[in-house]
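An overview of the molecular structure
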Amino acid sequence: MSPSWKESHGHLPATIDPIQLAERGARLTGTLPLKSMPRLMQTCLEGSDDVSVDLLFERGEGEQVFVMHGTLRVRLRMTCQRCLEGMDRVVEAAPWLLLTRPGSRRDRLDDEPDILVVDKPLPLSALVEDELLLALPMVPTHALNECPAGTYVKQDTAGGGSAEGKKKNPFAALNGLKKTS
Ligand SMILES: [Zn+2]
């Protein structure tokens, strides 16, 4: 990939226990293959990138409360729903998840939007995929000024005939050879 993503070469574990990671304040940086995310793959076309991951795992406020946050980023090749042409869309997610063990007290968490109850190690790709699916555009389209259907002007198709007439027939010479043999 491009050299600006140097730090993307980290080896990410396939399976994580996010709470264990949070207990030691871990950070995961690297790329995950798009093909490890079949649901996300269904939404895009060939030529999409792999997923850049930068996630921090930390202790949160309160007993047995942990936090996972960071950024996920992927350039997807999608079909514009206005003109049906391919287009690139960078999808970014900035997850902020509270992590708890099953049965832990969850008081004062009522106004927190995202709580993940972790009872066993889970696949990192599925966690990342879930967050990116939430960040996907509902109806992907080009920006209006970049969309062929948005700025559609009827193209004049005149002018093909004369150029065609001047084209040499590649078989003309061959016919000549046949006649002399
Ligand atoms: Zn379009």
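Up top is the structure.
Residues numbered from 1 in each chain as written. Predicted model: local features only at pLDDT ≥ 70, side-chain atom pairs only at ≥ 80, totals over all residues. Heavy atoms only, no water.

Along the protein, the regular secondary structure elements total five helices and eight strands. Reading the protein from its N terminus to its C terminus gives the helix and strand order β-α-β-α-β-β-β-β-β-β-α-α-α. Every one of the 181 residues in the protein was classed for burial, and the buried ones make up 33%. In the protein, 59% of the contacts between residues at least 6 apart in sequence involve partners at least 24 apart. (Helix = DSSP H or I, 4+ residues; strand = E, 2+ residues; numbered from the N terminus. Buried < 20%, exposed > 50% of the residue type's maximum accessible area, 1.4 Å probe, protein only. Contact = heavy atoms within 4.5 Å.)

Further remarks concern the coordination of the zinc ion. Note on the zinc ion: its protein donors are Cys80 (SG), Cys83 (SG), His142 (ND1) and Cys147 (SG). The metal-donor distances range over 2.0 to 2.3 Å. What the four donor atoms of the zinc ion show is an angle range of 102 to 121 degrees at the metal, which sorts the shape as tetrahedral. For the zinc ion, all donor residues lie on one chain, and their spacing in sequence is C-x2-C-x58-H-x4-C. A residue is classified by how much of its surface remains accessible, and Cys80, at 0% relative accessible area, is buried. On the basis of relative accessibility, which here comes to 16%, the residue Cys83 falls in the buried class. (Donors = N, O, S within 2.8 Å, 3.2 Å for Na, K, Ca; no water. Tetrahedral: all angles 85-135°; square planar, octahedral: opposite > 155°, others 65-115°.)

Before going further, it helps to spend a moment on the side chain of His69. Within the secondary structure, His69 is located in strand β4 (residues 66-79). Engagement of the side chain of His69 in a polar contact is seen with the side chain of Glu58, the distance being 3.0 Å. Apart from the residues lying within four places of it in its own chain, the contact partners of His69 are Asp54, Leu55, Leu56, Glu58, Pro95 and Trp96. (Polar contact = N/O pair within 3.5 Å; in protein donor to acceptor, adjacent residues only side chain to side chain.)

This brings us to the pairing of strand β5 (residues 86-93). Relative to β5, β4 runs antiparallel, the two sharing eight bridges. The residue bridging Val74 from the neighbouring strand is Val91, located in β5. From the end of β4 to the start of β5, which pair antiparallel, there are six residues, and Leu84 there has a positive phi angle of about 65 degrees. (Pairing = 2+ DSSP bridges.)

It is worth spelling out the nonpolar core at this point. Membership of the largest hydrophobic core comes to 37 residues, with the highest contact counts inside it found for Phe57, Leu76, Val128 and Leu132. Ranked by residue count, the leading element in this core is β4, at six residues. Other than its neighbours up to four places away in sequence, Leu132 contacts Leu40, Val51, Leu72, Val74, Val91 and Ala93. (Core = buried A, V, L, I, M, F, W, Y, C linked by side-chain atoms within 4.5 Å.)

Quick look at the environment of Leu144 now. Topologically, Leu144 is positioned in the loop between α3 (124-135) and α4 (160-166). Classification of Leu144 as exposed rests on a relative accessible area of 53%. Remark: the alpha-carbon pair of Leu144 and Arg82, spanning 62 residues in sequence, is separated by 9.3 Å.

This brings us to the pattern of salt bridges. Taken as a whole and assessed by the stated rule, the structure comprises eight salt bridges. For Arg39, the salt bridge identified is with Glu129, shortest N-O distance 2.8 Å. Here Glu129 lies in helix α3 and Arg39 lies in helix α2 (residues 38-41), a separation of 90 residues in the sequence. Given a relative accessible area of 38%, Arg39 falls into the partly exposed group. (Salt bridge = Lys/Arg side-chain N within 4 Å of Asp/Glu carboxyl O.)

Its identity is not glycine, yet Leu84 carries a phi of approximately 65 degrees, on the positive side. By secondary structure assignment, the location of Leu84 is in the loop between β4 and β5. Residue classification places Leu84 among the exposed positions, given a relative accessible area of 60%.

Right, let's get into the pairing of strand β2 (residues 27-32). Residues Leu28, Gly30 and Leu32 line the buried face of β2, whereas the alternating positions Arg27, Thr29 and Thr31 sit on a face that is not buried. Relative to strand β3 (residues 51-59), β2 runs antiparallel, the two being bridged by six bridges. For Thr29, the partnering residue across the bridge sits in β3 and is Asp54.

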